[in-house]
Amino acid sequence: MAVEELTALEKCLGLKAGKYSRRAQGSSQVPVLQTNSGPSLAGLATIASHLVTQAKKEELLGVSLEEKAVVQQWLEYRTTRIDRLTSKEDVRTTLKDLNCYLEDKVYMAGNKITLADILTYYGLHPIIADLSIQEKENYMNVSRWFSHIQHSPGVRQHLPSVVFIKNRIYSNVH
């Protein structure tokens, strides 16, 4: 999945496709980017940060020192927590935590979209897509954030749009 996410990120950033491989690390596969100059890079967050720098869109890594630290924190959270969800209880706990965090925020870090939003969106997509409408309503802040990010230009790419409202409450008919 990580290689597909990196390919989507490259398109979002307007970059040409890189050459990726996978390396076994424990029970998971870690993406590896073969670079033309220098050593290969390994790991989702490392490669994604490199791609952002290569595209000269460093603002996606955060603007202030605090914002940069928050972006890195959420990239680490993505790889250490979201990518390792194994049970329904893990999913519920993570969504509950994210719901609390996003209560008064539009984005994960700062006042505009960052790499943290994009990679967290990619990581949560299969989880959110599997939730029922009622379950999505239990995590209203996550649902609001997710819907906003999926409609950001170039982010969703190949992923199907996730529906959050089954029926409109009000109609235009009087």
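Before reading further, recall that the structure is shown in the block above.
Reading guide: rules and limits
- Residues numbered from 1 in each chain as written.
- Predicted model: local features only at pLDDT ≥ 70, side-chain atom pairs only at ≥ 80, totals over all residues.
- Heavy atoms only, no water.
- Helix = DSSP H or I, 4+ residues; strand = E, 2+ residues; numbered from the N terminus.
- Rg over C-alpha atoms; globule rule 2.2 N^0.38 Å.
- Buried < 20%, exposed > 50% of the residue type's maximum accessible area, 1.4 Å probe, protein only.
- Contact = heavy atoms within 4.5 Å.
- Areas by Shrake-Rupley, 256 points an atom, 1.4 Å probe, with all protein chains shown as cover.
- Lys, Arg positive; Asp, Glu negative; His and termini not counted.
- Charge placed at Lys NZ, Arg CZ, Asp CG, Glu CD.
- Expected span 1.5 Å × (residues − 1).
- Salt bridge = Lys/Arg side-chain N within 4 Å of Asp/Glu carboxyl O.
- Core = buried A, V, L, I, M, F, W, Y, C linked by side-chain atoms within 4.5 Å.
- 1 Å grid on protein atoms, 1.4 Å probe; cavity = no way out; pocket = protein on both sides within 12 Å on 5 of 7 lines; lining within 4 Å.
- Points joined across faces, edges and corners; volume = space filled by probe spheres on them.

J.: Which residues make up the overall build of the chain, and what are the values?
T.: When its secondary structure is counted, the chain shows seven helices and three strands. Since a compact globule built from 174 residues should have a radius of gyration of about 16 Å, the 17 Å found for the chain is in line with a globular shape. Projected onto its principal axes, the C-alpha coordinates of the chain cover approximately 65 × 35 × 30 Å. Within the chain, the proportion of its 174 residues that are buried is 43%. Of the contacts made within the chain by residues no fewer than 6 positions apart, 60% connect residues no fewer than 24 positions apart. About 10,400 Å² of surface is accessible on the chain, with carbon and sulfur atoms providing 52% of the total. Here the chain contributes 21 positive and 18 negative side-chain charges, whose respective centroids are spaced 6 Å apart.

J.: Could you give an account of helix α4 (residues 88-101), with specific residues and numbers?
T.: With 14 residues, α4 should reach 20 Å at 1.5 Å per residue; the first-to-last C-alpha distance of 20 Å fits that figure. Taken together, the buried residues of α4 touch α3 (65-80), α5 (115-129), α6 (133-138) and α7 (140-150).

J.: Lay out the side chain of E67 in plain terms, naming residues and giving numbers.
T.: Here E67 is to be found in helix α3. K112 provides the closest opposite charge to the buried, salt-bridge-free E67, at an N-O distance of 6.2 Å.

J.: Account for the pattern of salt bridges, with residues named and values stated.
T.: Evaluation of the coordinates by the stated rule reveals five salt bridges. For R78, the salt bridge goes to E5, with nearest N and O atoms at 2.7 Å. Taken together, the residues R78 in helix α3 and E5 in helix α1 (residues 2-13) connect sequence positions 73 residues apart. The pair R78 / E5 is uniform in exposure class, with both members buried.

J.: Explain the nonpolar core to me, using residue names and the numbers behind them.
T.: Core analysis: the biggest nonpolar cluster contains 51 residues, and L95, L124 and I128 have the highest contact counts within it. Looking at this core, the elements with two or more residues in it are α1, α2 (44-54), α3, α4, α5 and α7. The element contributing the most residues to this core is α5, with nine residues. Every residue in contact with L124, bar those within four places of it in the chain, is listed here: I82, L95, L98, W145 and F146.

J.: So, the layout of surface pockets: which residues are in play, and what are the values?
T.: Its boundaries defined by the atoms lining it, the second largest pocket holds a volume of some 290 Å³. Along its surface, the second largest pocket is lined by 14 residues, and L33, Q34, T35, N36 and Q54 are the ones closest to its centre. When contributions to the lining of the second largest pocket are tallied by element, the ones reaching two or more residues are β2 (28-34) and α2. Tallying contributions element by element places α2 first for the lining of the second largest pocket, with three residues.

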